[in-house]
Amino acid sequence: MRVIGAEVSLDDHVLVTRARAGDLEAYDLLVARHTASAYRTAVLLGAGPDSEDVIQEAFVKAYRKLSRYRGESSFRSWLLAIVANETRNLHRSRSRRDGLVLRAAAAGPASEAAEDGAVGAVLAGERRSALVHALRQLPVRDREVIVCRFFLDLSEEETAETLGWPRGTVKSRTSRALAKLRGLLDREEVRHG
């Protein structure tokens with residue numbers, strides 16, 4: 001489709017409208033635009049090595065359910081809600097409700113610590129490691145809200161849409177989860193001096 005290729009600045013609403021009308025290239029543009037955040041969401045919510053499968057399934061389901069998208073929220077948050085649900089389905093199928101892995105947050109070049117003058121990198125790596133360790137100790141719902149709000153930088157409204165919670169629940173759970181996380185990090189700091 002020549003028109004879409006020339007109009008780089010088309011917003012999601014226009015692309016969704018065109019995709020609903022059967023324009024596969026418009027949907028391809030939506031996929032291209034949102035793949036990175038969908039992948040990050042799947043990884044941070046614990047899909048790990050199955051993240052690509054999760055987002056592929058999410059994009060297929062989103063396409064099939066495109067007629068149900070009402071535009072009340074952004075296409076991105078609607079899609080991320082599907083990704084979050086697919087990730088939950090993955091966990092249920094694995095029977096690992098407690099296994100949300102945040103490897104993406106912990107991932108960093110292994111050679112950082114080996115470089116000359118790497119004191120800052122070592123300290124940053126230790127802080128990142130402590131954060132990931134503390135996040136893994138949080139209950140699943142607390143972890144999900146922290147990931148959405150701070151790792152994916154979603155607004156409260158987008159987080160509510162993504163997790164399927166009322167906005168007030170997002171606010172209160174974010175507050176409680178941050179308090180728990182601070183407590184875990186404080187304990188970790190005391191333990192390691």
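Up top you'll find the structure we're talking about.
Quick caveat, the model's predicted, so the values are computed rather than measured.

## Concerning the overall build of the protein
No. 1: A tally of helices and strands in the protein yields 10 helices and zero strands.
No. 2: Its helices and strands in sequence order give the protein the pattern α-α-α-α-α-α-α-α-α-α, from N to C terminus.
No. 3: For the protein, the residues scored as buried account for 40% of the 193 residues in total.
No. 4: Within the protein, contacts between residues separated by at least 24 positions form 62% of all contacts whose residues are at least 6 apart in sequence.
No. 5: For the protein, the exposed area adds up to about 10900 Å²; of that, 52% sits on carbon and sulfur atoms.

## Brief notes about the packing of helix α8 (residues 140–151) against helix α9 (residues 156–163)
No. 1: Two numbers describe how α8 lies on α9: the axes approach to 9 Å, and their chain directions differ by 135°. Taken together, the axis directions place α8 and α9 in an arrangement best described as oblique. The crossing of α8 and α9 is right-handed. Between α8 and α9, the residues in contact are E144, V145, C148 and R149 and E156, T159, T162 and L163, respectively.

## Notes on the nonpolar core
Buried together is how nonpolar side chains tend to be arranged in soluble globular proteins.
No. 1: If you look at the biggest cluster of nonpolar residues, it comprises 43 residues, and the most contacted ones within it are Y27, L66, F75, W78, V83, V145 and I146.
No. 2: Taken together, the elements giving at least two residues each to this core come down to α2 (12–20), α3 (24–44), α4 (51–64), α5 (75–94), α7 (119–137), α8, α9 and α10 (167–192).
No. 3: For this core, the leading source of residues is α5, giving eight residues.

Conventions used here
- Residues numbered from 1 in each chain as written.
- Predicted model: local features only at pLDDT ≥ 70, side-chain atom pairs only at ≥ 80, totals over all residues.
- Heavy atoms only, no water.
- Helix = DSSP H or I, 4+ residues; strand = E, 2+ residues; numbered from the N terminus.
- Buried < 20%, exposed > 50% of the residue type's maximum accessible area, 1.4 Å probe, protein only.
- Contact = heavy atoms within 4.5 Å.
- Areas by Shrake-Rupley, 256 points an atom, 1.4 Å probe, with all protein chains shown as cover.
- Axes fitted to C-alpha atoms, helices over the stretch in contact; angles between N-to-C directions.
- Parallel < 35°, antiparallel > 145°, perpendicular 65-115°, else oblique.
- Left-handed = near helix turned anticlockwise from the far one by under 90°.
- Core = buried A, V, L, I, M, F, W, Y, C linked by side-chain atoms within 4.5 Å.

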